[in-house]
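Fold and geometry: a report
Spelled out, the chains give:
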Amino acid sequence: MIKLTHRALLAGIVAGSCGIASAAFAGACPTDQMKTDVRAAVTTPAKGVTDTTLAAVDLAKEPIAAKDRQLRFRKLTIEPNGIVPWHSHTDRPAIIFVQQGEIYEYASNCAVPILHKEGEVRPEVQGTSHWWENKGTKTVILYVGDILHDKDDHNM
């Protein structure tokens, strides 16, 4: 059963990565705007965000044996004018799927805001620190696969 589950997970990752190659470009930082630490951290608190963990796996109990780490699948609902506060992906990779709406990302390594549209996928890796804002009139829904390290990180 575990092998089948891991195979299904691997198949999903492979299938999803095919979509990343085509979808992510539209929501990426323009090459000429990429700069190291161009945007400073902000302290704006979370606003209008509901963060629901739909499933989690304790990675210490899996063959990977990653102590104090969880693989999570989450749903973030961001209301109009809502804000996902500044956070870092230094040791916590994630993949974001924009299921509904449009949302702006303000990344530490991009001099301009990045617009993410419905249907796009955004990988978040080491070197990514950012915050997100829903400037639209429609609620944004994001699905997030991530690795949790610090239990207090990303509490909204």
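Now for a quick tour of the structure. As the structure is a prediction and not an experimental result, all values here were calculated from the model.

**Describing the state of the cysteines**
As used here, a disulfide is simply a covalent bond connecting the sulfur atoms of two cysteines. What the rule picks out here adds up to 1 disulfide. In this model, Cys-29 is linked to Cys-110 through a disulfide, with the two sulfur atoms separated by 2.1 Å. Disulfide Cys-29 to Cys-110: torsion about the S-S bond roughly 85°, handedness right-handed. A residue pair is termed long-range when its members are at least 10 positions apart, and Cys-29 in the loop between α1 (2–23) and β1 (47–58) and Cys-110 in the loop between β4 (102–107) and β5 (114–117) qualify at 81 residues. Here Cys-29 and Cys-110 have matching classes, each one buried.

**Topic: the pairing of strand β3 (residues 94–100)**
Sheet analysis places β3 next to strand β6 (residues 121–124), joined by 4 bridges and oriented antiparallel. Looking at the pairing, Ile-95 lines up with Pro-123 of β6. Pairing analysis gives 6 bridges linking β3 to strand β8 (residues 140–148), with the strands arranged antiparallel. The residue of β8 that forms the bridge with Phe-97 is Tyr-143.

Rules and cut-offs
- Residues numbered from 1 in each chain as written.
- Predicted model: local features only at pLDDT ≥ 70, side-chain atom pairs only at ≥ 80, totals over all residues.
- Heavy atoms only, no water.
- Disulfide = S-S within 2.5 Å.
- Helix = DSSP H or I, 4+ residues; strand = E, 2+ residues; numbered from the N terminus.
- Buried < 20%, exposed > 50% of the residue type's maximum accessible area, 1.4 Å probe, protein only.
- Pairing = 2+ DSSP bridges.

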